[in-house]
Structure formats: structure tokens, C-alpha cells
Amino acid sequence: MAMGPMITAAAVLAVLNVVLLLPLVGIWVRNYATFRTGLVAGLLAFAVAMLVENAVAVYFFFSMQSFYAGDPHVQQAVLILRSLQFVAIVGLSYTTLR
Amino acid sequence: MEKALWYLLTATRGGANRARIIDALSERPMNANELADRLDVGYKTIRHHMEQLEKHDIVESGDEDYAKLYFLTDRFDNYRDTFEEIVEQMDA
């Protein structure tokens, strides 16, 4: 079964989240090596958790599409949650790269 | 100021260089060119960092357009302990 447009969009957002989180993890690994502060350790743990979560989500989008295919409300909810996460990660990237 | 220092120095991409800039300015006021030479960082990068540091009231600059000197603010001096705590781990 082909993926619906909403689920395709959600999968694309999850991939973009992964792409954005990789440099953030890189920056915070480097900064942790320099500063060893709890703040950076926390940010790093947060980014790694988000990275894993999005990677798992991408896997699920492709392996369990029939699970999502049934209900358009589920698809919509998944897309909204992915979008919100994307906005949050873009904001975090912006402040971190300044 | 305290939280701004933590985020600006330890969480951002340019944080380590900004900490080195503050360290250099603790010795004496310098202009962007001197800072660039001293830290071996590009002039434009230094100007960007100075903009951020000025925005957060950590440094202030003289009025001249040419080679204006940057000073640490009195407000920053009140938080020097926080700064020392942050850079404790940094070598040299």
C-alpha cells in the first residue's frame, strides 16, 4: 500500500529532524569536551534522545505504513506532532548556531 | 545574565571562542583586529561574536568607528565568578 500524503509529509519531517539534530549533537559533543558542564551534558542527552526517536520514527513510517493507513485522524495527529517537533528543533538550531 | 552566560558560552557553536574573547579582554581592552590576531580567528567571526556579546551586555565598545576598543561591562564583572566556573575546565 502506498503511503498517504500526510504520512509521507510526516516521514519527510522526521528525516529533516534527523538532519538538523546531527550538527547539534556534533556541537554539543565538542562543547562538552571543552567545558564539561551539566548544561551541555543535558543538551547532548536531549539531542541524542530526539535523534534516536526520529530515526525510529522514520523506520516505523516505512515498516508499519499499514498501521497508519487506516485512520486519517491518526495521520493528521502524527503530522501535527512531527511538525511541532520540527519547529522546535529549527528554533534550537537557530539559537545554537549564532 | 547568569543564564545568558551559560548558554552563550557552553551551548553554542561559537561558545569556546567567546570565552577566549572574554579572557583576552580581562587583560586589557582590545579592538576586533587585535582579538582576531590574538585568538587566530577570522575578523568577521570576531565581529559576529562581539555583536552577540554586546547584545547580552557582556562587552561595550568605544565610540570610534575605526579600531574601536571593546571593554567588559561592569555588569559582567558582577558575574565573573560564574564565568570562572564555566571556564574552569578549559585548558589555557
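Figured I'd write up the structure that's included with this text. (Residues numbered from 1 in each chain as written. Chains lettered and ligands numbered in written order. Predicted model: local features only at pLDDT ≥ 70, side-chain atom pairs only at ≥ 80, totals over all residues. Heavy atoms only, no water.)

## Details of the pattern of salt bridges
Residues and elements named next belong to chain B.
Okay, step 1: A full pass over the atoms with the stated rule returns six salt bridges over all chains.
Okay, step 2: Here Arg-38 and Glu-27 are joined by a salt bridge, their closest N and O atoms 2.6 Å apart. Of this pair, Arg-38 sits in helix 3 (residues 32-39) while Glu-27 sits in helix 2 (residues 15-27), and the two are 11 residues apart along the sequence.
Okay, step 3: Take Arg-38: its relative accessible area is 40%, and that puts it in the partly exposed class.
Okay, step 4: Assessed through its relative accessible area of 57%, Glu-27 is described here as exposed.
Okay, step 5: For the salt bridge of Arg-28 with Glu-34, the shortest nitrogen-to-oxygen distance reads 3.1 Å.
Okay, step 6: Overall, Arg-28 belongs to the partly exposed group, its relative accessible area being 40%. (Salt bridge = Lys/Arg side-chain N within 4 Å of Asp/Glu carboxyl O. Helix = DSSP H or I, 4+ residues; strand = E, 2+ residues; numbered from the N terminus. Buried < 20%, exposed > 50% of the residue type's maximum accessible area, 1.4 Å probe, protein only.)

## Quick look at the environment of B:Asn78
Okay, step 1: Checked against the element boundaries, B:Asn78 lands in helix 5 (residues 74-78).
Okay, step 2: For the pair B:Asn78 and B:Arg20, spaced 58 residues apart in sequence, the C-alpha separation works out to 18 Å.

## Some words on the interface of chain A and chain B
Okay, step 1: Counting residues at the interface gives 16 residues for chain A and 18 residues for chain B.
Okay, step 2: Both sides together, the interface formed by chain A and chain B hides about 1400 Å², and carbon and sulfur atoms give 55% of it.
Okay, step 3: Counting the surface chain A buries against chain B, the share from its top three residues, A:Phe35, A:Leu39 and A:Arg98, is 44%.
Okay, step 4: Between the two partners, chain A and chain B, sit zero salt bridges. (Contact = heavy atoms within 4.5 Å. Buried area = accessible area lost by both parts, 1.4 Å probe.)

## A short note on the packing of aromatic side chains
Okay, step 1: The full count for this structure, using the stated rule, is two aromatic pairs over all chains.
Okay, step 2: A centroid spacing of 5.9 Å and a plane angle of 45° characterise the contact between A:Tyr59 and A:Phe60, whose relative ring orientation is tilted.
Okay, step 3: For A:Tyr59, a relative accessible area of 55% gives the class exposed.
Okay, step 4: A relative accessible area of 34% places A:Phe60 in the partly exposed class.
Okay, step 5: Their ring planes at 70° and their centres at 5.6 Å tell us that B:Phe76 and B:Phe83 sit as a pair that is edge-to-face. Of the two residues examined, B:Phe76 and B:Phe83, each falls in the buried class. (Phe/Tyr/Trp six-rings, centres within 6.5 Å; stacked < 30°, edge-to-face > 60°.)

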